[in-house]
Amino acid sequence: MQQFWHVFIAYAVAWGLVFGWAVAIFRRMGRVEARLREAGLDTDPDAKGAAGRTLP
Amino acid sequence: MKGTLVLAWVVARKDLQVELRTRERLAAMGAFVVLTALLFNYAVDRTVVHPGSIAAGLIWMTLILAGLLGLGRTFELEKEDGAFQGLLAAPLPREALYLGKVLSNAVLLAIVTALTVLVFAFFYQVVLPRNPLPLIGVLLLGVTGFSALGTLFSGITAGTRMGETLLPVLLFPLLVPLVMFGASATASLLGGFPASEIFGTLRILGAFTLIALAAGVTLFRFIVEE
Amino acid sequence: MSLGFVKWGALVLGLAGLALTVLFHWQVFFWVPTEASMGIVQRIFYIHLPAAWVAFFAFGIVAICSAVYLWLGIEKLDHAAQAAAEGGMIFTTIVLTSGPLWAKLAWGTWWTWEPRLTLTLLLWFIYLGYFMVRNSTDVPEKGKKFAAVVGIVGALNIPLIHLSVLWFRSLHPQPVVARTDGPQLHPDMLTTVLTALAAWTLVFLSLYLLRYGTARLEAAADRAVAATRSPAPVREGVAP
């Protein structure tokens with residue numbers, strides 16, 4: 001039984017960390033987009049920008 | 001190249017002259033070494049293990065900790081009155097500045113090392129080998145490598161808010177080869193083994209020192225740039 | 001790399017990584033035979049080894065990007081190094097948790113001074129130093145250069161550290177995948193570990209690209225906001 005627990009914890013920690021990293025990245029991305037929107041800039045790097053202003 | 005070495009010597013001489021007048025770092029490191037050696041007596045249960053029998057490891061740890069104390073202050077001297085800006089403005093290649101600092105640190109560390117070994121011999125009846133040259137070689141090589149890496153990282157920590165408290169975090173993981181091979185070679189020599197036993201160890205210590213020096217000479221300019 | 005490439009690259013790699021991840025979990029839990037001497041706990045191996053590979057791979061990226069960043073001073077490369085270091089630290093932590101969990105049951109002790117485990121612990125601390133240096137300077141540019149130096153010196157020393165820790169005798173199973181006389185693993189186990197290796201690498205690369213793109217976006221946002229605040233700069237299209 002102990003064996004199952006060790007395997008389970010190892011996999012849970014691994015996926016928790018990777019998932020946590022992904023969440024952190026997406027939150028960071030959300031913050032940048034909010035900032036850019038506040039500044040009235042486009043957030044999509046592909047778009048040429050309706051306002052005529054794209055990121056430098 | 002020759003000019004660089006001469007200039008490095010000028011920097012080192014300046015630092016050593018200042019040290020000779022104030023003796024601040026030497027006094028602090030020297031007192032640290034003696035007191036640490038004294039504390040080991042109480043930290044180790046003498047009925048189980050005699051400090052003399054693990055002397056090599058204790059000597060190296062004492063050395064590393066005392067060295068940290070001194071290395072952290074490498075650029076302290078120049079912090080006042082914008083002296084560091086003056087040094088950077090001087091017609092002096094960054095490599096010479098780095099090598100000079102490494103040299104002055106190595107000289108200080110060598111003095112402290114000699115003191116450490118003598119203190120352990122005195123306190124714990126460590127028998128020094130009849131031919132001291134191999135031991136001196138091992139310790140000098142270790143001291144040079146330690147100084148080469150420590151001076152580079154000390155330049156980094158001097159530019160951070162955390163200062164010297166950051167130095168062990170950066171330095172200790174990389175000192176593993178130095179401590180391991182340095183302590184094992186020292187243990188063999190103190191145990192009376194012939195010098196031919198430690199040639200392999202010396203080579204690795206030499207490689208460590210060379211890599212540290214090469215990295216420092218190449219990278220130092222990036223950490224002092226404005 | 002343009003940000004559009006980063007976006008699509010991350011998406012494609014992420015989907016492929018996810019698919020392989022599902023596949024290798026099926027392999028690990030339902031398909032691969034149980035190792036005879038160590039039992040079920042050996043299944044930790046299928047995340048332990050790939051995570052270690054990714055951790056060192058990431059550190060390679062950190063070292064190379066740092067070196068070229070110092071050499072040419074291209075800001076992008078610093079972001080690339082930083083993103084890799086962040087991922088590397090995550091995967092190093094995975095190695096350091098799965099290792100002891102395995103060691104406790106396989107060898108009866110949480111920690112052994114096993115060379116590769118010790119090396120990973122030291123790598124974790126090098127990554128830690130990288131981030132501490134980076135975040136403790138008043139001028140960000142300085143922190144970037146300091147961190148790059150830490151990354152390069154760390155990478156230069158890793159072979160020597162490896163040599164040193166090898167010197168201490170090893171309890172670890174000897175390398176089983178990369179051997180000259182052919183792998184000694186059961187073929188199904190080999191398939192599983194290779195799938196896991198590919199899955200982890202793809203997942204890492206996908207998140208790495210995303211993290212890199214975010215860092216680029218942040219830097220661009222900093223510049224853009226600074227430009228809109230200051231009245232002076234005249235831009236094409238909005239020129240008076």
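Residues numbered from 1 in each chain as written. Chains lettered and ligands numbered in written order. Predicted model: local features only at pLDDT ≥ 70, side-chain atom pairs only at ≥ 80, totals over all residues. Heavy atoms only, no water.

Participant: Honestly, the overall build of chain A in this entry has me stumped. Any pointers?
Facilitator: When its secondary structure is counted, chain A shows one helix and zero strands. Of the roughly 3,500 Å² that chain A leaves accessible, carbon and sulfur atoms contribute 63%. (Helix = DSSP H or I, 4+ residues; strand = E, 2+ residues; numbered from the N terminus. Areas by Shrake-Rupley, 256 points an atom, 1.4 Å probe, with all protein chains shown as cover.)

Participant: How should the interface of chain A and chain C be read in this particular structure?
Facilitator: Taken together, the contact between chain A and chain C spans 31 residues of the former and 48 residues of the latter. Carbon and sulfur atoms make up 75% of the surface buried where chain A meets chain C, a total of about 3,600 Å² over both sides. Looking only at chain A, the three residues that lose the most surface to chain C are His6(A), Tyr11(A) and Trp21(A), adding up to 21% of its buried area. One salt bridge connects Asp222(C) with Arg35(A), and the closest N-O pair in it is separated by 2.4 Å. Linking chain A with chain C are six residue pairs in polar contact (both at pLDDT 80 or more), by the criterion used here. Tallied by class, the residues present in the side of chain A that touches chain C amount to 22 nonpolar, four polar and five charged. (Contact = heavy atoms within 4.5 Å. Buried area = accessible area lost by both parts, 1.4 Å probe. Salt bridge = Lys/Arg side-chain N within 4 Å of Asp/Glu carboxyl O. Polar contact = N/O pair within 3.5 Å; in protein donor to acceptor, adjacent residues only side chain to side chain. Nonpolar A, V, L, I, M, F, W, Y, C, P; charged D, E, K, R; others polar.)

Participant: Looking at this structure, how should I read the confidence of the model for chain A?
Facilitator: Caution applies to low-pLDDT regions: their predicted coordinates should not be interpreted in detail. Mean pLDDT over chain A: 76, with 70% of residues reaching 70 or higher. Low confidence marks residues 46-54 of chain A, where pLDDT is under 50. Its contacts with residues over four positions away, or in another chain, come to 15 contacts. (pLDDT = per-residue confidence, 0-100.)

Participant: Would you explain the environment of Gly163(B) in this entry?
Facilitator: Its location among the elements puts Gly163(B) in the loop between α6 (133-158) and α7 (167-171). It is 9.5 Å that separates the C-alpha atoms of Gly163(B) and Arg73(B), two residues lying 90 residues apart in sequence.

Participant: I tried to follow a nonpolar patch on the surface on my own but got confused; where do I start?
Facilitator: Residues and elements named next belong to chain A. Together, Met1, Phe4, Trp5, Phe8 and Ile9 make up a nonpolar patch on the protein surface, roughly 600 Å² of accessible area in all. Note that phenylalanine 4 resides in helix α1 (residues 2-38). Judged by its relative accessible area of 47%, phenylalanine 4 falls in the partly exposed class. (Patch = residues over 30% accessible without salt bridge, like charges linked within 9 Å, V, L, I, M, F, W, Y side chains within 5 Å. Buried < 20%, exposed > 50% of the residue type's maximum accessible area, 1.4 Å probe, protein only.)

Participant: Before we go on, may I ask you to explain the nonpolar core in this structure?
Facilitator: Looking at soluble globular proteins, one finds that nonpolar side chains tend to be buried together. In this structure, Phe153(B), Phe91(C) and Trp200(C) are the most contacted members of the largest nonpolar core, which totals 143 residues. A per-element tally of this core places helix α2 (residues 45-72) of chain C first, with 14 residues. What Phe91(C) contacts, discounting residues up to four positions off in sequence, is Val18(A), Ala51(C), Val54(C), Ala55(C), Trp200(C) and Phe204(C). (Core = buried A, V, L, I, M, F, W, Y, C linked by side-chain atoms within 4.5 Å.)

Participant: I keep staring at the side chain of Thr62(B) and nothing clicks. Help me out?
Facilitator: Residues and elements named next belong to chain B. Relative to the helices and strands, threonine 62 is located in helix α3 (residues 55-71). At a separation of 2.6 Å, a polar atom in the side chain of threonine 62 contacts the main-chain carbonyl oxygen of leucine 58. Not counting the four nearest positions on each side in its chain, threonine 62 is found in contact with Phe32, Val33, Thr36, Phe40, Thr116 and Phe120.

Participant: Help me understand the interface of chain C and chain B in this model?
Facilitator: Reports often express the size of an interface as the amount of accessible area lost when the parts come together. Every contact between the two is made by 28 residues of chain C and, on the other side, 28 residues of chain B. When chain C packs against chain B, the two sides together hide about 2,600 Å² of surface, and 80% of this comes from carbon and sulfur. Three residues stand out in chain C for area buried against chain B, namely Ser136(C), Phe146(C) and Leu160(C), and they jointly supply 20% of the buried area on that side. Here chain C is connected to chain B by one salt bridge. Residue Asp138(C) is joined to Arg161(B) by a salt bridge in which the shortest nitrogen-to-oxygen separation is 3.0 Å. Where chain C meets chain B, there are four residue pairs in polar contact (both at pLDDT 80 or more). Elements that contribute at least two residues to the side of chain C that touches chain B include exactly α4 (115-135) and α5 (140-167) of chain C. At 15 residues, α5(C) tops the list of elements feeding residues into the side of chain C that touches chain B. Partitioned by chemical class, the residues of the side of chain C that touches chain B number 19 nonpolar, seven polar and two charged.

Participant: How do you make sense of the packing of aromatic side chains when you look at a structure like this?
Facilitator: Given two aromatic rings, their pairing is described by the distance between the two centres and the angle made by the two planes. In the structure shown here, the tally under the stated rule is 19 aromatic pairs over all chains. Considering the side-chain rings of Trp21(A) and Phe204(C), the 6.4 Å spacing of their centres and the 20 degrees angle between planes classify their relative orientation as stacked. You can see Trp21(A) sitting in helix α1 and its partner Phe204(C) sitting in helix α6 (residues 187-229), one on each of two chains. Pair check on accessibility: Trp21(A) and Phe204(C) agree, each one buried. When the centroid spacing of 5.6 Å and the interplanar angle of 45 degrees are considered together, the rings of Phe120(B) and Tyr124(B) count as tilted. Separated by four residues within a single helix, Phe120(B) and Tyr124(B) lie in helix α5 (residues 94-124), roughly one turn from each other. (Phe/Tyr/Trp six-rings, centres within 6.5 Å; stacked < 30°, edge-to-face > 60°.)

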